[in-house]
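Chain and residue survey
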Amino acid sequence: MTGSSALLTDRYELTMVDAALQNGTAHRESLFEAFARRLPDGRRYGVVVGTGRLLELITEFRFEEAELEWLRANRVVRPETLDWLADYRFRGDVWGYREGEVYFPGSPLLTIQATFAEAVMLETLVLSTLNFDSSVASAAARMVSVALGRPLAEMGSRRTGERSAVAAARAAYIAGFDATSNLEAGRTWGIPTMGTAAHAFTLLHDSEEEAFRAQVEAFGPKTTLLVDTYDIRQGVETAVRVAGTELGAVRIDSGDLPAVVAGVRDQLDELGAVGTRITVTSDLDEFTIAGLSGSPVDAYGVGTSVVTGSGSPAAGMVFKLVARRDDAGDWVPVAKASVSKASVGGRKNAARRLDSTRTAREELVFIGDGPGGEAEFEPGTRLRPLMVPLMTGGVADAAHLGPEGTAAARAHRAEVMQELPIEAFRLGRGDAAIPTTYR
């Protein structure tokens, strides 16, 4: 492993470049677009996440000697192409929806304008980043909406790869989760971290009481004690006896949650621990969280479901060439016509139409000048432009990077969710919350 992201790609990206360099088309200016043809089943909107990570990965996309030597040894491309790769730097422009923005089928989420060879190299990197991160964020956003303001913690690192765990924590945080158990996500992206003890800590000790005393001595009575290792009712009684009525919280990780939570709340109140909070974990998803909306739960911890996109591990995004310059220097729209996989060619701009209550009613995609162009917005219509510059001349806009970019994306997501119509938040199957119209 090196610090380069250049081999985080598919072989055919390089073989296309190899052939294009040979026949002279590699330097033809092109426009690629990432979009979703449809939303996963049951989803009425998606959340764009991964942009800040992607910009950093594009910046790091360099073929150093280690990468070149491996390509040379495996005869992936011609020696002349290896020379071109050695000097590769992305120098094009990237436009797209702001990270944290909601999207719908056909939304031009990301556009890359550069030579064909420069841009096509990034296809796998774009899709692997946006598909995973946006899937996690879209699932997390649904959980946030049904949690009704109760805090959620992401704790799914053990249910995904070690690198994707960090990305998942970031995506969930942008989507509205409050903390993560993943320390690397905390260090890299500035996300609050949380965690106290697992069942193993209780089993280590000769009794549950000894385990609780050790934890309280280490962290104080405001800690969270896991009370379901043996018997929940006895665990709650022991927790309050050890920590006192100032006990911060108890965690429940098993059982018939609505019934168990109600019983624990009654028991805590009877013992005088009226301020002790109840945190629930145990294979939660948006449906179980919604089912607990009437229960006295104070916080949730979600693992497997959030890091796997709650049944949709990829957002279904694709990356297509939609326009290229001809020999006269004019832009020519191009599009795929395959059955069920057709794309819409042309350089695009996008805006969201809002009504007088600032509720989103339509996604408008304008075909013509492209991102940054002068789209023909109707006079008197309330439209919010959606596409912003992300990289110019190969240089990323620093506003989207690092912990600060992550915090900005989180704030933007919270703001734009206020625009969605009420039907967007239904968990049952249905169409996209608003239609997409091409003009």
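Let us look at the structure shown here. These figures come from a predicted structure and were not determined experimentally.

**Things to note about the pattern of salt bridges**
- A full pass over the atoms with the stated rule returns 26 salt bridges.
- One salt bridge connects R325 with E29, and the closest N-O pair in it is separated by 2.5 Å. Of this pair, R325 sits in strand 12 (residues 317-325) while E29 is found in strand 1 (residues 29-36), placing the two residues 296 residues apart along the sequence.
- Residue classification places R325 among the partly exposed residues on the basis of a relative accessible area of 25%.
- Notably, a salt bridge pairs E209 with R213, separated by 3.0 Å at the nearest N-O pair. In this pair, E209 and R213 are both assigned in helix 10 (residues 208-219), four residues apart and thus about one turn of the helix distant.
- Relative accessible area serves as the criterion here: at 26%, E209 is assigned to the partly exposed category.
- Here the salt bridges do not stand alone but share partners, grouping E101, R352, E363, R384 and E419 into one network.

**Digging into unusual backbone geometry**
- Backbone geometry at R75 places phi at a positive 50°, although glycine is not the residue there.
- Position of R75 relative to the elements: it lies in the loop between helix 3 (65-73) and helix 4 (79-86).
- According to the relative accessible area criterion, R75 is exposed, its value standing at 72%.
- A positive phi angle, close to 50°, is found at S310, a residue other than glycine.
- Position of S310 relative to the elements: it lies in the loop between helix 14 (304-307) and strand 12.

**Thoughts on the nonpolar core**
- If you look at the biggest cluster of nonpolar residues, it comprises 62 residues, and the most contacted ones within it are Y45, L152, F177, I252, V264, I289 and V306.
- Top element by residues in this core is helix 6 (residues 123-147). It accounts for 10 residues.
- Apart from residues no more than four positions distant in its own chain, V264 is found in contact with I232, V236, V250, I252 and I278.
- One finds V48, A315, F319 and L386 within the second-largest nonpolar core, a separate group that totals 51 residues.

**What to know about the environment of R384**
- Within the secondary structure layout, R384 lies in strand 16 (residues 383-385).
- R384 sits 90 residues away from G294 along the chain, and the two C-alpha atoms are 36 Å apart.
- Every residue in contact with R384, bar those within four places of it in the chain, is listed here: E101, A351, R352, L354, H412, V416 and E419.
- Looking at R384, its side chain comes within polar contact range of the side chain of E419, at 2.9 Å.

**Description of the sheet that holds strand 18 (residues 395-396)**
- Spatially, 13-12-1-5-3-17-18 is the arrangement adopted by the seven strands of the open sheet, whose pairing is antiparallel. Across the chains shown, the open sheet's two edge strands, defined by having one partner strand only, are strand 13 (331-333) and strand 18.
- In the sheet, strand 1 pairs with strand 5 (residues 110-115) via six bridges, with the strands oriented antiparallel. In the strand pairing of strand 5, L31 is matched with Q113.
- Most of the contacts of helix 2 (residues 51-59) go to strand 17 (residues 387-392), to which it runs at about 25°, and overall it touches strand 3 (93-97), strand 5, strand 17 and strand 18.

**Side note on the sheet that holds strand 9 (residues 249-252)**
- Strand order in the open sheet formed by six strands is 7-6-11-10-9-8, with parallel pairing between adjacent strands. Sheet topology places strand 7 (179-180) and strand 8 (224-226) at the edges, where each strand pairs with a single neighbour.
- Strand direction decides the pairing type here: strand 6 (residues 152-154) and strand 7, joined by two bridges, are parallel. Opposite A153, over in strand 7, you have A179 as the bridge partner.

**So, the packing of helix 7 (residues 162-174) against helix 15 (residues 402-417)**
- Helix 15 packs onto helix 7 with a crossing angle of 40° between their chain directions and a minimal axis gap of 8 Å. On the basis of the axis angle, helix 7 is oblique to helix 15. Residues R170, Y173 and I174 of helix 7 touch helix 15, and the partners they reach there are T406, A409, R410 and R413.
- Taken together, the residues that form the contact of helix 7 with helix 15 break down as three nonpolar, one polar and three charged.

**Quick look at the pairing of strand 17**
- Across four bridges, the pairing between strand 3 and strand 17 is antiparallel. For W95, the partnering residue across the bridge sits in strand 17 and is P389.
- The sheet contact formed by strand 17 and strand 18 spans two bridges and is antiparallel. If you follow T392 over to strand 18, its bridge partner there is V395.
- Linking two consecutive strands that pair antiparallel, namely strand 17 and strand 18, is a turn of two residues; a positive phi of about 60° is found at G393 within it.

**Concerning helix 12 (residues 257-270)**
- Here helix 12 is 14 residues long and its end C-alpha atoms lie 20 Å apart, about the 20 Å a rise of 1.5 Å per residue gives.
- Those residues of helix 12 that sit buried are L257, V260, V261, V264, R265, Q267 and L268. Taken down its axis, helix 12 places every buried residue within 165° of arc, on the same side.
- Where helix 12 is buried, its residues touch helix 11 (232-243), strand 9 and strand 10 (277-280).

Conventions adopted
Residues numbered from 1 in each chain as written. Predicted model: local features only at pLDDT ≥ 70, side-chain atom pairs only at ≥ 80, totals over all residues. Heavy atoms only, no water. Salt bridge = Lys/Arg side-chain N within 4 Å of Asp/Glu carboxyl O. Helix = DSSP H or I, 4+ residues; strand = E, 2+ residues; numbered from the N terminus. Buried < 20%, exposed > 50% of the residue type's maximum accessible area, 1.4 Å probe, protein only. Core = buried A, V, L, I, M, F, W, Y, C linked by side-chain atoms within 4.5 Å. Contact = heavy atoms within 4.5 Å. Polar contact = N/O pair within 3.5 Å; in protein donor to acceptor, adjacent residues only side chain to side chain. Pairing = 2+ DSSP bridges. Axes fitted to C-alpha atoms, helices over the stretch in contact; angles between N-to-C directions. Parallel < 35°, antiparallel > 145°, perpendicular 65-115°, else oblique. Nonpolar A, V, L, I, M, F, W, Y, C, P; charged D, E, K, R; others polar. Expected span 1.5 Å × (residues − 1). Arc of directions from axis to C-beta.

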